[in-house]
Amino acid sequence: MADNQDKELIEMEFINVIGLGYIGLPTSLMFAQSGIKVIGTDLNKSLVNSLADGKLTFQEKGLEELFQNAISNGIEFSTDYQKTDTYIIAVPTPYIKESKKIDPKYVISAVKSVLDVCEPGAVIIIESTVSPGSFDKYIRPEIEKQGIIIGKDVHLVHAPERIIPGNMIYELKNNSRTIGADDPKIGNCVKKLYTHFCKAEIVITDIRSAEMSKVVENTYRDINIAFANELAKICRIDNIDVYEIIRIANKHPRVNILQPGPGVGGHCISVDPWFLVGDYPGLANIVLTARKINDSMPEYVLERVYDIMQERGMLDISRVGLYGLTYKENVDDIRESPTLQLLEAMKKHLAPPLRVYDPFVKHDVVENQYHDFDRFLEDVDLVVIMVSHDEIKEHMDKLEGKVVLDTKNICGSDRVYKL
Ligand code: SAJ
(Lines give C-alpha, C1' and ligand atoms only; values in the text may rest on other atoms or scores of the structure.)
Protein backbone atom coordinates (compact mmCIF):
# COMPACT_ATOMS: atom_id res chain seq x y z
CA MET A 1 0.00 0.00 0.00
CA ALA A 2 2.67 2.48 1.06
CA ASP A 3 4.67 1.82 -2.10
CA ASN A 4 1.61 2.45 -4.25
CA GLN A 5 0.86 5.67 -2.40
CA ASP A 6 4.54 6.76 -2.62
CA LYS A 7 4.51 5.87 -6.29
CA GLU A 8 1.16 7.53 -7.05
CA LEU A 9 2.04 10.80 -5.28
CA ILE A 10 5.46 11.16 -6.83
CA GLU A 11 4.02 10.45 -10.26
CA MET A 12 1.18 12.92 -9.69
CA GLU A 13 -0.16 14.83 -12.68
CA PHE A 14 0.81 18.24 -11.27
CA ILE A 15 0.62 20.40 -8.15
CA ASN A 16 -2.02 23.11 -7.92
CA VAL A 17 -0.71 25.83 -5.58
CA ILE A 18 -3.51 27.96 -4.16
CA GLY A 19 -2.49 31.48 -3.14
CA LEU A 20 0.40 33.21 -4.95
CA GLY A 21 1.59 35.58 -2.25
CA TYR A 22 4.82 35.83 -0.25
CA ILE A 23 4.78 32.06 0.47
CA GLY A 24 2.74 30.49 -2.34
CA LEU A 25 4.58 32.13 -5.22
CA PRO A 26 8.18 31.26 -4.23
CA THR A 27 7.06 27.75 -3.27
CA SER A 28 5.32 27.15 -6.62
CA LEU A 29 8.38 28.48 -8.47
CA MET A 30 10.72 26.19 -6.51
CA PHE A 31 8.64 23.12 -7.41
CA ALA A 32 8.46 24.21 -11.05
CA GLN A 33 12.21 24.91 -11.20
CA SER A 34 12.81 21.37 -9.86
CA GLY A 35 10.91 19.98 -12.85
CA ILE A 36 7.51 19.35 -11.28
CA LYS A 37 4.48 20.52 -13.29
CA VAL A 38 2.81 23.35 -11.36
CA ILE A 39 -0.29 25.45 -11.92
CA GLY A 40 -0.53 28.41 -9.58
CA THR A 41 -4.02 29.64 -8.69
CA ASP A 42 -5.01 32.96 -7.17
CA LEU A 43 -8.37 34.71 -7.03
CA ASN A 44 -6.67 38.04 -7.76
CA LYS A 45 -7.01 38.33 -11.56
CA SER A 46 -4.56 41.22 -11.96
CA LEU A 47 -1.97 39.29 -9.94
CA VAL A 48 -2.46 36.20 -12.16
CA ASN A 49 -2.27 38.33 -15.32
CA SER A 50 0.92 39.99 -14.11
CA LEU A 51 2.56 36.61 -13.47
CA ALA A 52 1.27 35.19 -16.77
CA ASP A 53 2.85 38.22 -18.47
CA GLY A 54 6.16 37.35 -16.83
CA LYS A 55 6.01 40.19 -14.28
CA LEU A 56 6.68 39.49 -10.59
CA THR A 57 4.29 40.88 -7.98
CA PHE A 58 6.83 41.60 -5.25
CA GLN A 59 10.57 42.07 -4.84
CA GLU A 60 12.74 39.38 -3.26
CA LYS A 61 16.42 38.53 -3.69
CA GLY A 62 16.83 35.83 -6.39
CA LEU A 63 13.12 35.65 -7.20
CA GLU A 64 13.46 36.96 -10.77
CA GLU A 65 15.91 34.21 -11.79
CA LEU A 66 13.78 31.56 -10.07
CA PHE A 67 10.71 32.94 -11.87
CA GLN A 68 12.43 32.70 -15.28
CA ASN A 69 13.52 29.11 -14.57
CA ALA A 70 9.99 28.18 -13.52
CA ILE A 71 8.58 29.77 -16.68
CA SER A 72 11.03 27.80 -18.84
CA ASN A 73 9.80 24.66 -17.08
CA GLY A 74 6.22 25.48 -18.02
CA ILE A 75 4.64 26.83 -14.85
CA GLU A 76 1.14 28.13 -15.49
CA PHE A 77 -1.03 30.63 -13.65
CA SER A 78 -4.81 30.71 -13.43
CA THR A 79 -7.70 32.06 -11.39
CA ASP A 80 -9.30 28.61 -11.54
CA TYR A 81 -8.79 25.68 -9.21
CA GLN A 82 -7.44 22.70 -11.13
CA LYS A 83 -8.37 19.01 -11.12
CA THR A 84 -5.39 17.10 -9.76
CA ASP A 85 -4.34 14.98 -6.78
CA THR A 86 -1.94 17.31 -4.99
CA TYR A 87 -2.72 20.79 -3.65
CA ILE A 88 -0.71 23.30 -1.64
CA ILE A 89 -2.77 26.00 0.08
CA ALA A 90 -0.88 29.16 1.05
CA VAL A 91 -3.59 31.75 1.66
CA PRO A 92 -3.66 34.45 4.37
CA THR A 93 -4.67 33.55 7.93
CA PRO A 94 -5.38 36.92 9.58
CA TYR A 95 -6.36 37.14 13.22
CA ILE A 96 -9.41 38.88 14.60
CA LYS A 97 -8.02 41.88 16.52
CA GLU A 98 -10.73 41.83 19.22
CA SER A 99 -10.71 38.10 20.06
CA LYS A 100 -7.07 37.48 19.05
CA LYS A 101 -8.31 34.30 17.42
CA ILE A 102 -7.51 33.16 13.89
CA ASP A 103 -9.89 34.05 11.07
CA PRO A 104 -9.84 30.78 9.06
CA LYS A 105 -12.21 31.96 6.34
CA TYR A 106 -9.64 32.05 3.51
CA VAL A 107 -8.26 28.58 4.33
CA ILE A 108 -11.77 27.12 4.62
CA SER A 109 -12.81 28.71 1.35
CA ALA A 110 -9.73 27.34 -0.40
CA VAL A 111 -10.27 23.82 1.00
CA LYS A 112 -13.91 23.84 -0.09
CA SER A 113 -12.95 24.96 -3.62
CA VAL A 114 -10.35 22.18 -3.80
CA LEU A 115 -12.93 19.61 -2.74
CA ASP A 116 -15.14 20.75 -5.64
CA VAL A 117 -12.54 19.74 -8.25
CA CYS A 118 -9.95 17.36 -6.75
CA GLU A 119 -9.31 13.74 -7.69
CA PRO A 120 -10.35 11.02 -5.20
CA GLY A 121 -7.59 10.44 -2.65
CA ALA A 122 -6.13 13.92 -3.25
CA VAL A 123 -3.53 15.27 -0.80
CA ILE A 124 -4.27 18.77 0.50
CA ILE A 125 -1.12 20.38 1.96
CA ILE A 126 -1.87 23.54 3.98
CA GLU A 127 1.21 25.78 4.33
CA SER A 128 -0.65 28.73 5.83
CA THR A 129 0.19 29.33 9.49
CA VAL A 130 -2.82 28.42 11.61
CA SER A 131 -3.43 28.61 15.34
CA PRO A 132 -2.96 25.33 17.19
CA GLY A 133 -6.04 23.13 16.82
CA SER A 134 -7.37 24.88 13.70
CA PHE A 135 -7.43 21.68 11.65
CA ASP A 136 -9.66 20.04 14.26
CA LYS A 137 -11.76 23.13 14.97
CA TYR A 138 -12.30 24.54 11.49
CA ILE A 139 -10.89 22.45 8.63
CA ARG A 140 -11.90 18.84 9.35
CA PRO A 141 -15.53 19.73 10.20
CA GLU A 142 -15.91 21.57 6.87
CA ILE A 143 -14.71 18.48 4.99
CA GLU A 144 -16.70 15.94 7.03
CA LYS A 145 -19.82 18.12 6.61
CA GLN A 146 -19.71 17.14 2.93
CA GLY A 147 -19.64 13.44 3.78
CA ILE A 148 -16.01 13.26 2.67
CA ILE A 149 -13.83 10.80 4.62
CA ILE A 150 -10.49 12.26 5.62
CA GLY A 151 -7.75 9.64 5.23
CA LYS A 152 -9.63 7.95 2.39
CA ASP A 153 -11.34 10.44 0.02
CA VAL A 154 -8.78 13.15 0.80
CA HIS A 155 -5.61 13.36 2.88
CA LEU A 156 -4.75 16.43 5.02
CA VAL A 157 -1.20 17.63 5.62
CA HIS A 158 0.12 20.72 7.40
CA ALA A 159 3.50 21.93 6.11
CA PRO A 160 4.07 25.38 7.66
CA GLU A 161 6.68 27.56 6.00
CA ARG A 162 9.76 28.96 7.78
CA ILE A 163 11.31 31.18 5.10
CA ILE A 164 12.24 34.69 6.08
CA PRO A 165 11.39 37.53 3.71
CA GLY A 166 14.66 39.00 2.47
CA ASN A 167 16.27 35.54 2.23
CA MET A 168 13.43 33.35 0.96
CA ILE A 169 15.12 31.42 -1.86
CA TYR A 170 18.11 30.36 0.23
CA GLU A 171 15.87 29.39 3.14
CA LEU A 172 13.41 27.43 0.97
CA LYS A 173 16.34 25.17 0.05
CA ASN A 174 18.20 25.13 3.34
CA ASN A 175 15.68 25.44 6.16
CA SER A 176 14.44 22.26 7.77
CA ARG A 177 10.76 21.61 7.28
CA THR A 178 7.93 20.21 9.35
CA ILE A 179 5.35 17.90 7.76
CA GLY A 180 2.31 17.24 9.92
CA ALA A 181 0.17 14.34 8.70
CA ASP A 182 -2.52 12.02 10.07
CA ASP A 183 -0.96 9.11 8.20
CA PRO A 184 2.85 8.79 8.38
CA LYS A 185 2.82 7.13 4.94
CA ILE A 186 1.22 10.25 3.47
CA GLY A 187 3.67 12.33 5.47
CA ASN A 188 6.49 10.39 3.89
CA CYS A 189 5.09 10.94 0.38
CA VAL A 190 4.88 14.68 1.01
CA LYS A 191 8.38 14.65 2.49
CA LYS A 192 9.64 13.08 -0.75
CA LEU A 193 7.83 15.78 -2.70
CA TYR A 194 9.57 18.58 -0.80
CA THR A 195 12.97 16.95 -1.25
CA HIS A 196 12.69 18.16 -4.85
CA PHE A 197 14.09 21.45 -3.55
CA CYS A 198 14.52 21.19 0.23
CA LYS A 199 18.01 19.93 1.08
CA ALA A 200 17.59 20.13 4.86
CA GLU A 201 16.01 17.80 7.41
CA ILE A 202 12.28 17.23 6.92
CA VAL A 203 10.55 16.22 10.16
CA ILE A 204 7.35 14.19 9.98
CA THR A 205 4.95 14.63 12.90
CA ASP A 206 1.23 14.88 13.60
CA ILE A 207 -0.80 17.86 12.41
CA ARG A 208 -1.40 19.37 15.84
CA SER A 209 2.34 19.35 16.64
CA ALA A 210 3.02 21.00 13.29
CA GLU A 211 0.46 23.72 14.03
CA MET A 212 1.83 24.37 17.52
CA SER A 213 5.55 24.26 16.65
CA LYS A 214 5.12 26.85 13.90
CA VAL A 215 3.36 29.34 16.22
CA VAL A 216 5.86 28.57 18.99
CA GLU A 217 8.82 29.39 16.72
CA ASN A 218 7.50 32.86 15.96
CA THR A 219 6.41 33.43 19.54
CA TYR A 220 9.90 32.54 20.75
CA ARG A 221 11.32 35.22 18.45
CA ASP A 222 8.75 37.82 19.50
CA ILE A 223 9.56 37.27 23.19
CA ASN A 224 13.28 37.61 22.53
CA ILE A 225 12.80 40.81 20.55
CA ALA A 226 10.68 42.12 23.44
CA PHE A 227 13.52 41.39 25.85
CA ALA A 228 15.88 43.48 23.68
CA ASN A 229 13.31 46.28 23.49
CA GLU A 230 12.75 46.27 27.26
CA LEU A 231 16.53 46.35 27.75
CA ALA A 232 16.68 49.42 25.51
CA LYS A 233 14.15 51.22 27.70
CA ILE A 234 15.98 50.23 30.90
CA CYS A 235 19.37 51.34 29.57
CA ARG A 236 17.94 54.64 28.30
CA ILE A 237 16.90 55.61 31.85
CA ASP A 238 20.48 55.33 33.05
CA ASN A 239 22.05 56.46 29.79
CA ILE A 240 23.72 53.08 29.27
CA ASP A 241 24.53 51.96 25.71
CA VAL A 242 22.16 48.99 25.26
CA TYR A 243 24.01 47.87 22.12
CA GLU A 244 27.27 47.61 24.08
CA ILE A 245 25.48 45.58 26.77
CA ILE A 246 24.04 43.21 24.15
CA ARG A 247 27.36 42.99 22.32
CA ILE A 248 29.18 41.96 25.51
CA ALA A 249 26.42 39.68 26.87
CA ASN A 250 26.25 37.81 23.54
CA LYS A 251 29.85 36.78 23.93
CA HIS A 252 28.57 34.35 26.58
CA PRO A 253 28.26 30.92 24.91
CA ARG A 254 24.61 30.56 25.88
CA VAL A 255 23.37 34.11 25.44
CA ASN A 256 21.92 35.40 22.18
CA ILE A 257 20.02 38.64 22.77
CA LEU A 258 18.38 40.05 19.66
CA GLN A 259 18.32 43.71 18.57
CA PRO A 260 16.02 46.47 19.90
CA GLY A 261 14.01 48.26 17.25
CA PRO A 262 11.14 50.67 16.61
CA GLY A 263 8.61 47.85 16.91
CA VAL A 264 7.77 44.44 15.46
CA GLY A 265 5.99 44.33 12.14
CA GLY A 266 5.14 41.81 9.50
CA HIS A 267 2.32 39.34 9.15
CA CYS A 268 3.98 36.64 11.23
CA ILE A 269 5.91 37.58 14.36
CA SER A 270 3.43 40.32 15.25
CA VAL A 271 0.43 38.03 14.61
CA ASP A 272 1.17 34.42 15.53
CA PRO A 273 1.76 34.98 19.30
CA TRP A 274 -1.75 36.41 19.52
CA PHE A 275 -3.08 32.96 18.55
CA LEU A 276 -1.66 31.61 21.83
CA VAL A 277 -2.95 34.60 23.81
CA GLY A 278 -6.40 34.20 22.26
CA ASP A 279 -6.54 30.41 22.73
CA TYR A 280 -4.85 30.20 26.16
CA PRO A 281 -5.98 33.32 28.06
CA GLY A 282 -4.45 33.58 31.55
CA LEU A 283 -1.76 31.07 30.60
CA ALA A 284 0.12 32.80 27.76
CA ASN A 285 1.36 35.53 30.11
CA ILE A 286 4.96 36.07 28.95
CA VAL A 287 3.61 35.90 25.39
CA LEU A 288 1.09 38.68 26.07
CA THR A 289 3.59 40.85 27.93
CA ALA A 290 6.07 40.52 25.08
CA ARG A 291 3.42 41.53 22.55
CA LYS A 292 2.60 44.60 24.66
CA ILE A 293 6.26 45.58 24.94
CA ASN A 294 6.82 45.24 21.19
CA ASP A 295 3.60 47.10 20.39
CA SER A 296 4.71 49.92 22.73
CA MET A 297 7.87 50.63 20.73
CA PRO A 298 6.40 52.92 18.04
CA GLU A 299 5.05 55.25 20.74
CA TYR A 300 8.40 54.96 22.51
CA VAL A 301 10.03 56.24 19.32
CA LEU A 302 7.63 59.19 19.41
CA GLU A 303 8.71 59.91 23.01
CA ARG A 304 12.34 59.88 21.87
CA VAL A 305 11.48 62.28 19.02
CA TYR A 306 9.81 64.60 21.54
CA ASP A 307 12.83 64.47 23.91
CA ILE A 308 15.23 65.18 21.04
CA MET A 309 13.17 68.09 19.76
CA GLN A 310 13.08 69.54 23.28
CA GLU A 311 16.81 69.12 23.65
CA ARG A 312 17.54 70.68 20.25
CA GLY A 313 14.95 73.42 20.59
CA MET A 314 13.17 72.16 17.49
CA LEU A 315 9.59 73.29 17.43
CA ASP A 316 8.36 72.35 13.97
CA ILE A 317 7.09 68.74 13.94
CA SER A 318 6.58 69.08 10.19
CA ARG A 319 10.39 69.01 9.81
CA VAL A 320 10.52 65.43 11.19
CA GLY A 321 10.70 62.57 8.68
CA LEU A 322 10.45 58.79 8.99
CA TYR A 323 12.86 56.83 6.80
CA GLY A 324 11.22 53.45 6.13
CA LEU A 325 7.62 52.32 5.77
CA THR A 326 8.10 48.54 5.29
CA TYR A 327 8.15 46.20 8.26
CA LYS A 328 11.85 45.45 7.88
CA GLU A 329 14.91 46.03 5.69
CA ASN A 330 15.08 45.26 1.97
CA VAL A 331 11.51 43.97 1.59
CA ASP A 332 8.50 45.78 0.13
CA ASP A 333 5.96 44.37 2.64
CA ILE A 334 4.40 47.07 4.80
CA ARG A 335 2.00 44.85 6.76
CA GLU A 336 1.83 45.82 10.47
CA SER A 337 4.98 47.93 9.99
CA PRO A 338 6.24 49.93 13.00
CA THR A 339 5.98 53.10 10.90
CA LEU A 340 2.31 52.42 10.17
CA GLN A 341 1.81 51.73 13.89
CA LEU A 342 3.56 55.02 14.77
CA LEU A 343 1.49 57.06 12.30
CA GLU A 344 -1.65 55.41 13.68
CA ALA A 345 -0.62 56.46 17.20
CA MET A 346 -0.13 60.07 16.01
CA LYS A 347 -3.52 60.07 14.34
CA LYS A 348 -5.08 59.06 17.68
CA HIS A 349 -3.50 62.16 19.23
CA LEU A 350 -4.75 64.30 16.33
CA ALA A 351 -1.14 65.12 15.44
CA PRO A 352 -0.29 65.95 11.79
CA PRO A 353 1.26 63.01 9.86
CA LEU A 354 5.06 63.01 9.68
CA ARG A 355 6.84 62.99 6.34
CA VAL A 356 7.66 59.44 5.19
CA TYR A 357 9.95 57.96 2.57
CA ASP A 358 10.70 54.33 1.66
CA PRO A 359 12.59 53.25 -1.48
CA PHE A 360 10.67 49.97 -1.62
CA VAL A 361 7.18 51.51 -1.49
CA LYS A 362 6.45 52.90 -4.94
CA HIS A 363 2.75 53.63 -4.45
CA ASP A 364 1.15 56.13 -2.08
CA VAL A 365 0.17 54.40 1.16
CA VAL A 366 0.17 57.26 3.67
CA GLU A 367 -0.18 61.06 3.58
CA ASN A 368 3.03 63.08 3.25
CA GLN A 369 4.83 60.17 1.53
CA TYR A 370 7.83 60.90 -0.67
CA HIS A 371 9.22 58.87 -3.56
CA ASP A 372 12.54 60.68 -3.86
CA PHE A 373 15.18 60.41 -1.11
CA ASP A 374 16.72 63.83 -1.82
CA ARG A 375 13.36 65.62 -1.90
CA PHE A 376 12.47 63.94 1.39
CA LEU A 377 15.75 65.11 2.98
CA GLU A 378 15.24 68.67 1.72
CA ASP A 379 12.01 68.90 3.70
CA VAL A 380 13.18 67.45 7.02
CA ASP A 381 15.66 68.43 9.76
CA LEU A 382 15.19 65.35 11.99
CA VAL A 383 15.42 61.94 10.28
CA VAL A 384 14.07 58.94 12.19
CA ILE A 385 15.60 55.76 10.73
CA MET A 386 12.81 53.19 11.15
CA VAL A 387 14.07 50.62 8.61
CA SER A 388 17.67 49.67 7.77
CA HIS A 389 17.36 49.36 3.98
CA ASP A 390 20.66 48.99 2.13
CA GLU A 391 19.92 52.35 0.47
CA ILE A 392 20.40 54.38 3.64
CA LYS A 393 23.42 52.34 4.71
CA GLU A 394 25.02 53.15 1.33
CA HIS A 395 24.17 56.87 1.53
CA MET A 396 24.98 57.80 5.12
CA ASP A 397 26.68 60.94 3.76
CA LYS A 398 23.26 62.30 2.82
CA LEU A 399 22.43 62.59 6.51
CA GLU A 400 25.17 65.21 7.01
CA GLY A 401 23.74 68.20 8.86
CA LYS A 402 20.58 66.35 9.88
CA VAL A 403 19.56 65.42 13.40
CA VAL A 404 19.20 61.62 13.30
CA LEU A 405 17.33 59.20 15.56
CA ASP A 406 18.79 55.84 14.55
CA THR A 407 16.33 53.25 15.91
CA LYS A 408 18.16 50.45 14.02
CA ASN A 409 21.70 51.26 15.25
CA ILE A 410 23.17 51.34 11.75
CA CYS A 411 24.94 54.73 11.72
CA GLY A 412 27.91 53.68 13.83
CA SER A 413 28.32 57.25 15.01
CA ASP A 414 28.00 58.77 18.47
CA ARG A 415 26.65 61.93 16.86
CA VAL A 416 23.26 60.36 16.29
CA TYR A 417 20.53 59.66 18.80
CA LYS A 418 19.46 56.08 19.51
CA LEU A 419 16.50 54.31 21.14
N1 SAJ B 1 13.05 42.56 14.58
C2 SAJ B 1 13.59 43.31 15.63
N3 SAJ B 1 14.73 42.87 16.24
C4 SAJ B 1 15.36 41.72 15.85
C5 SAJ B 1 14.79 40.96 14.78
C6 SAJ B 1 13.64 41.40 14.17
O7 SAJ B 1 13.05 44.35 16.00
O8 SAJ B 1 16.41 41.39 16.41
C9 SAJ B 1 11.81 43.02 13.94
C10 SAJ B 1 11.96 43.25 12.44
O11 SAJ B 1 12.42 44.55 12.17
C12 SAJ B 1 10.53 43.05 11.96
C13 SAJ B 1 10.00 41.97 12.91
O14 SAJ B 1 10.86 41.97 14.04
O15 SAJ B 1 9.77 44.23 12.12
C16 SAJ B 1 9.96 40.57 12.30
O17 SAJ B 1 11.04 40.40 11.42
P18 SAJ B 1 11.90 39.01 11.42
O19 SAJ B 1 12.99 39.19 10.42
O20 SAJ B 1 12.27 38.67 12.80
O21 SAJ B 1 10.89 37.88 10.97
P22 SAJ B 1 9.85 37.75 9.75
O23 SAJ B 1 8.52 38.15 10.27
O24 SAJ B 1 10.35 38.42 8.52
O25 SAJ B 1 9.90 36.15 9.53
C26 SAJ B 1 9.56 35.32 10.63
C27 SAJ B 1 10.60 34.21 10.72
N28 SAJ B 1 10.39 33.46 11.94
C29 SAJ B 1 11.45 33.23 12.78
O30 SAJ B 1 12.54 33.71 12.59
C31 SAJ B 1 11.16 32.36 13.98
C32 SAJ B 1 10.50 33.30 9.51
O33 SAJ B 1 11.36 32.19 9.68
C34 SAJ B 1 9.07 32.80 9.37
O35 SAJ B 1 8.93 31.94 8.24
C36 SAJ B 1 8.16 33.99 9.20
O37 SAJ B 1 8.25 34.79 10.40
C38 SAJ B 1 6.74 33.50 9.00
O39 SAJ B 1 6.25 33.70 7.85
O40 SAJ B 1 6.19 32.89 9.91
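Each remark here, short or long, concerns the structure printed above.
Being a predicted model, the structure only gives us computed values, none of them experimental.

This next bit is on the overall build of the protein. When its secondary structure is counted, the protein shows 15 helices and 16 strands. Its C-alpha atoms give the protein a radius of gyration of 23 Å, near enough to 22 Å, the size a compact globule of 419 residues would have. Oriented by its inertia axes, the alpha-carbon framework of the protein measures out at about 75 × 50 × 45 Å. Considering the protein as a whole, with its 419 residues, one finds that 53% of them fall into the buried category. Excluding contacts between residues fewer than 6 apart, the proportion of contacts in the protein whose partners are at least 24 apart in sequence is 70%. Accessible surface for the protein amounts to roughly 18,900 Å². Of this, 53% is attributable to carbon and sulfur atoms. If the 48 positive side-chain charges of the protein are averaged to one point and the 63 negative ones to another, these points end up 2 Å apart.

Before going further, it helps to examine the pattern of salt bridges. Under the defined criterion, the tally for this structure stands at 22 salt bridges. Put simply, D279 and K137 hold a salt bridge, and the shortest N to O gap is 3.9 Å. Remark: K137 occurs in helix α6 (residues 134-144) and D279 occurs in helix α11 (residues 272-279); sequence separation between them is 142 residues. K137 gets classed as partly exposed once you look at its relative accessible area, which sits at 44%.

Ranked by size, the top nonpolar core spans 38 residues in total, and within it L29, F31, F77, I125, V157, V190 and Y194 carry the most contacts. At the level of elements, β1 (15-18), α2 (24-33), α3 (45-52), α4 (63-72), β7 (122-126), α7 (168-174), β9 (177-181) and α8 (184-194) are the ones that each hand at least two residues to this core. At five residues, α2 tops the list of elements feeding residues into this core. With residues near it in sequence (within four places) discarded, Y194 still touches F31, I88, I125, E127, A159, R177, I179 and I202. Counting residues in hydrophobic clusters, the runner-up holds 36 residues, among them I246, M297, L325 and I334.

This brings us to the site of the ligand. Within the structure, the ligand sits among 20 residues, and R162, I163, K214, R221 and Y327 are positioned closest to it. Between R162 and the ligand, the recorded distance is 2.5 Å, taken from a backbone N or O atom to an oxygen atom. A distance of 3.0 Å is found between an oxygen atom of the ligand and a backbone nitrogen or oxygen belonging to G265. Across the complex, the protein chains shield 87% of the 770 Å² of accessible surface that the ligand would expose by itself. When grouped by side-chain class, the residues that make up the shell around the ligand number nine nonpolar, four polar and seven charged. Both domains that furnish three or more residues to the shell around the ligand are identified here as domain 1 (14-205) and domain 2 (242-418).

Our focus in this paragraph is the pairing of strand β2 (residues 38-41). Burial of β2 is two-sided: the residues V38 and G40 facing one way and the residues I39 and T41 facing the other way are all buried. Sheet topology places β1 next to β2; four bridges connect them, and they run parallel. In the sheet register, I15 faces β2, and the bridge partner there is V38. Crossover β1 to β2 through α2 is right-handed. Here three bridges tie β2 to strand β3 (residues 76-78), and the two strands are oriented parallel to one another.

The rules behind the values
- Residues numbered from 1 in each chain as written.
- Predicted model: local features only at pLDDT ≥ 70, side-chain atom pairs only at ≥ 80, totals over all residues.
- Heavy atoms only, no water.
- Helix = DSSP H or I, 4+ residues; strand = E, 2+ residues; numbered from the N terminus.
- Rg over C-alpha atoms; globule rule 2.2 N^0.38 Å.
- Buried < 20%, exposed > 50% of the residue type's maximum accessible area, 1.4 Å probe, protein only.
- Contact = heavy atoms within 4.5 Å.
- Areas by Shrake-Rupley, 256 points an atom, 1.4 Å probe, with all protein chains shown as cover.
- Lys, Arg positive; Asp, Glu negative; His and termini not counted.
- Charge placed at Lys NZ, Arg CZ, Asp CG, Glu CD.
- Salt bridge = Lys/Arg side-chain N within 4 Å of Asp/Glu carboxyl O.
- Core = buried A, V, L, I, M, F, W, Y, C linked by side-chain atoms within 4.5 Å.
- Near = heavy atom within 4 Å.
- Polar contact = N/O pair within 3.5 Å; in protein donor to acceptor, adjacent residues only side chain to side chain.
- Nonpolar A, V, L, I, M, F, W, Y, C, P; charged D, E, K, R; others polar.
- Domains from an automatic or database assignment.
- Pairing = 2+ DSSP bridges.
- Right-handed = clockwise from strand over helix to strand, strands pointing away.

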